[in-house]
Amino acid sequence: MMEMGVCRGALLRVLVLQLAWALVGGQVRYSVPEEAKAGTVVGRLAQDLGLEAGEPEARRLRLVSQGRRASVEVSGASGALVVSSRLDREELCGKSAPCSLRLEVLVERPLRVFHVELEVTDINDNAPVFRVNEEAFTIAEYTTLPGSRFPLEGASDADVGANAQLSYSLSPNEHFSLDHPGNNGHSSSLTLVLTKPLDRETMPIHHLVLTATDGGRPPLTGTVELVISVLDVNDNAPQFNQSVYKVKVLEGSEPGTQLITLNASDLDEGVNSEVIYLFSRHASAEVKEMFSIDENKGEIRLRRNLDYEEMDNYEIQIEARDKGSPPLSGHCKVVVEVLDVNDNAPEVWVTSLSVPVPEDAAVGTVVALLSVSDRDSGANGRVRCTVWPSAPFGLVSTFAGSYSLVLREALDRERVSEYEVEVRAEDGGAPPLRASRGLRVPVSDVNDNAPAFAQAVYTVLARENNAAGAELARLWARDPDEAGNGRVSYSVSESGGGAAVSGGGWRPASSYVSVDAESGRLWALQPLDYEELQVLQFEVRAVDAGEPALCGNATVQLFVLDENDNAPVLLPPAGGGPGAGAAGSAASGADSGALWAWATWGAPAGQVVAKIRAVDADSGYNAWLRYELWEPRGKGPFRVGLYSGEVSTARALEEADGPRQRLVIVVRDHGEPARSATATLSVSLVEGAEVALAAAGSGSSRAALAAAEGGAASATTTNVWLVVAICAVSSLFLLAVVLYGAARWAPRSAVLSGPGPATLVCASEVGSWSYSQRQSRSLCVADGGGKSDLMVFSPNFPPAAGSAAKETHPDAPALLQTVSGASSLPPFLFSRPFRRSLLPPVALFARPPGRLSLL
């Protein structure tokens, strides 16, 4: 029944405390009686903290105790605060009242701390206890007058409050009574009072029982036996002028420091009045170890250093005893109050640390929980905390002595990957004492940086006819993130570019090149052909392995450099020569070709009879052609322009030169090594009229050529028949003269057009050179008085996808020919790669000798 009443009272107190917490709204307070059984529910902690069902276990609701054992725990399933082990208020708090335990409750996601105050209430579980079971007195008969007082040592009760309120009773007798005025602020004063003089002869020894009863329900008692011996001796005891002496001393005072000098007087004379001072037999062992007393002078001194944090006051029972026989004693009490000095530095503990901190953590994120305390009191125990460095972390006070280390600024792991944080504590003493606690806060990486190439545009030069799998370049992108967030893989963008190829069509860049995903090496998938592809522009993509993945792009411009891998190719004649003769083609091939032309007897030196046309699919020097007369050797009637390819008379033609001349002409480029082609030109020598007839009837017929040569041979043999023929065909002769004049002085034009790799051949007195291109142009040149040449060419770029259909025609290649008598084209104009986006097509205008302009 008693236990049920105690439990009901405890539950009522719990409800009252919960209501008080709801009104105050800052700290949870509970109350539980000591000796409560394990498993007893102290309070619904999760519900009082506002947590929903299931949250205590999910958010890891738990207790953090400081220093001593808490004896309570949080039930993981229900979130209730329950007793986990035996609760002994006397063990936890001693004589302190009330007995309150400060607990910290942590919950995660987000991390929060709550403070719980648990009061352990006292129950009457300790009976009063006397230090000894028997206490003996010696009292002289008659000389000890009624009213004499003899101090007794009271009982002690470990309980507090009403359970520790003691009352005393003495067994019935006619000589003694008990004086118990109550608590005087330090301890109970208990005195045995003599009410009637003693008579040793009547009763030499008195046996009394002193009973102490506490105020609990039910009350508990303790007893001690008083044995009083009656003597017939000295009848005056020493007397102190005060019953209680109070002394204040600073903690840390040096051993040997004098605290007080006591003085007691005795009305007796002689030996009976001589007094010695000593600790009362009631003095504790701690007092005797801490203090010393001079038995003759009554001086009390320190034997050890005082520590306010261990004990802030001492009660010393002093006895003054005379030297009578038997000796008499007087008693007093010295209360020593220890004053606090600032001799304890603050202490800093890390209660919880959440590391590493993500670099994208929000401002205000709690990184650590700290507890700060100082064993000193007053201003010496007031602690102020700061954090260094002041950024990016700061301290927030959550409760007395509790702080949260929170994020004040955004983090960047690429700038600072780890912080060494120092929490500094300083008390309010003079001088102040300081303490610090270092924290290592690493910053974890998030994928917040995209890979970045060192260059936005890479220019790569590669020679044509390279081996498949050859390394062209090495690309590198930097990602400052770490681990997978900084691991970069490379690829050719599918939509990043390509090239138009000769003959029309479009091929993606991935058919030409590939990129190693790990190293960024650029490989050629196939041999490159300058005549097919001059410039390849594409994008390389660098992607990291983060989540989500970030990427960066770079543009690669691959320029193919020309090699001399194409020999010159002879072209069919344009249908009419610029000179007096005509040229035709009987056969043509890759290396040689047979051509024919007419020349008139008596033609002056320098007369152009034919023009050899050739083209080289290469570019620059590799496509710059020169013409050499290989046969006949020596001083023949004909010569070939070194760069123009024009076959002209070296001197006036004579009948001795014969009816036909066979010329072997070699066409070479300027590449290394040089490549060549051979042309065979047959020149027939005829009269001027026959030349006109042959020119009028020439339609690439071999029979017409044979007839013309036969007529020339017969004309050579018989001059007589020529006179008759002239008269007979005078009308025909006049017609031939008219046709010849029209063919000689009429304006000539050539049109450059056609699809595919059209070739531009520029001619002058000095020579000719060719330029391979993908775009076609139309140009008409007429003989004028300025004798100027006009050349138009464009860089070797693949046409845009939209323009390929417009500028490409399925016609056979044609040549652009310009003839100039005064100006020449210098042989330094070669093909070179241009960036399509930077250089427009180029036009060169040749002006009178010595002046060349570039537009």
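Residues numbered from 1 in each chain as written. Predicted model: local features only at pLDDT ≥ 70, side-chain atom pairs only at ≥ 80, totals over all residues. Heavy atoms only, no water.

Asks: Go over the overall build of the protein with me, naming the residues and quoting the values.
Replies: Scanning the protein for helices and strands turns up ten helices and 57 strands. When each of the 855 residues of the protein is scored for burial, the buried share is 42%. Within the protein, contacts between residues at least 6 apart in sequence are counted, and of these 68% link residues at least 24 apart. For the protein, the accessible area works out to roughly 42,900 Å², and carbon and sulfur atoms hold 54% of it. (Helix = DSSP H or I, 4+ residues; strand = E, 2+ residues; numbered from the N terminus. Buried < 20%, exposed > 50% of the residue type's maximum accessible area, 1.4 Å probe, protein only. Contact = heavy atoms within 4.5 Å. Areas by Shrake-Rupley, 256 points an atom, 1.4 Å probe, with all protein chains shown as cover.)

Asks: Account for the environment of Leu-353, with residues named and values stated.
Replies: By secondary structure assignment, the location of Leu-353 is in strand E24 (residues 347-353). Classification of Leu-353 as partly exposed rests on a relative accessible area of 37%. For the pair Leu-353 and Ala-368, spaced 15 residues apart in the sequence, the C-alpha separation amounts to 4.3 Å.

Asks: Any details on the nonpolar core? Residues and values, ideally.
Replies: Counting 28 residues, the largest nonpolar core has Phe-453, Phe-538 and Leu-558 as its most contacted members. Sorting the residues of this core by element identifies strand E33 (457-463), strand E34 (471-474), strand E36 (488-492), strand E39 (513-515), strand E40 (521-524), strand E41 (535-544) and strand E42 (551-561) as the ones contributing at least two each. Formed by 27 residues, the second largest nonpolar core is a distinct cluster that contains Val-249, Ile-260, Ile-300 and Tyr-314. (Core = buried A, V, L, I, M, F, W, Y, C linked by side-chain atoms within 4.5 Å.)

Asks: Give a detailed account of unusual backbone geometry, specifying residues and quantitative values.
Replies: Cis geometry marks the peptide bond from Ser-325 to Pro-326; its omega dihedral reads 0 degrees. Within the secondary structure, Pro-326 sits in the loop between strand E22 (313-322) and strand E23 (329-339). A positive phi angle, near 65 degrees, is found at Asn-465, a position not held by glycine. For Asn-465, a relative accessible area of 45% gives the class partly exposed. Despite not being glycine, Ala-483 shows a phi value in the positive range, around 55 degrees. Locating Ala-483 in the fold gives a position in the loop between strand E35 (477-478) and E36.

Asks: Outline the pattern of salt bridges, listing residues and values.
Replies: By the definition in use, this model includes 22 salt bridges. Close ionic contact of Arg-463 with Glu-563 constitutes a salt bridge, the shortest N to O distance being 3.0 Å. Here Arg-463, found in strand E33, pairs with Glu-563, found in the loop between E42 and strand E43 (569-570); they are 100 residues apart in sequence, far enough to count as distant. When its relative accessible area of 26% is taken as the criterion, Glu-563 is described as partly exposed. The shortest N-O distance in the salt bridge between Arg-668 and Glu-628 comes to 2.6 Å. Of the two residues, Arg-668 sits in strand E51 (residues 660-669) while Glu-628 sits in strand E48 (residues 625-631), which places them 40 residues apart along the sequence. One salt-bridge network, held together by shared partners, links Arg-413, Glu-414, Asp-445 and Glu-482. (Salt bridge = Lys/Arg side-chain N within 4 Å of Asp/Glu carboxyl O.)

Asks: Which residues make up the sheet that holds strand E20 (residues 291-293), and what are the values?
Replies: A sheet is described by the order of its strands in space; here three strands give the open sequence E17-E21-E20, paired in antiparallel fashion. In the strand order of this sheet, the two ends are held by strand E17 (258-261) and E20, each with one partner. Taken over all neighbouring pairs, the strand axes of this sheet differ in orientation by 20 degrees on average, direction set aside. For E17 and strand E21 (residues 299-302), the ladder comprises three bridges, and the chain directions are antiparallel. Residue pairing for E21: Ile-260 is matched across the bridge by Ile-300. (Pairing = 2+ DSSP bridges. Axes fitted to C-alpha atoms, helices over the stretch in contact; angles between N-to-C directions.)

Asks: Quick rundown of a nonpolar patch on the surface? Include the residues and the values.
Replies: Taken together, Val-350, Leu-353 and Val-355 make up a surface patch of nonpolar side chains, about 190 Å² in accessible area. Tracing the chain through its elements places Val-355 in the loop between E24 and strand E25 (357-358). (Patch = residues over 30% accessible without salt bridge, like charges linked within 9 Å, V, L, I, M, F, W, Y side chains within 5 Å.)

Asks: Explain the packing of aromatic side chains residue by residue, including any values.
Replies: The full count for this structure, using the stated rule, is ten aromatic pairs. Here the aromatic rings of Trp-624 and Tyr-643 are separated by 5.2 Å at their centres, their planes lie at 10 degrees, and the arrangement is stacked. Of this pair, Trp-624 sits in the loop between strand E47 (614-615) and E48 while Tyr-643 sits in the loop between strand E49 (638-640) and strand E50 (646-649), placing them 19 residues apart in sequence. Here Trp-624 and Tyr-643 have matching classes, each one buried. (Phe/Tyr/Trp six-rings, centres within 6.5 Å; stacked < 30°, edge-to-face > 60°.)

Asks: So what's going on with the environment of Ser-292? Which residues, and what values?
Replies: Inspection of the secondary structure puts Ser-292 in strand E20. Residues Ser-292 and Gln-258 lie 34 residues apart in sequence; the distance between their C-alpha atoms is 9.5 Å. Setting aside residues up to four positions removed in sequence, Ser-292 forms contacts with Phe-279, Glu-299, Ile-300, Arg-301 and Arg-303.

Asks: Before we move on, can you summarise the sheet that holds E49 with the specific residues and values?
Replies: With antiparallel pairing, the three strands of this open sheet are ordered in space as E46-E50-E49. What marks the edges here is a single partner per strand, and that holds for strand E46 (608-611) and E49. Along the sheet, successive strands turn relative to each other by an average axial angle of 25 degrees, direction set aside. Pairing between E49 and E50: three bridges, direction antiparallel. Each bridged residue has a counterpart across the sheet, and for Phe-638 the counterpart in E50 is Thr-649.

That's the geometry; what it means functionally is another story.
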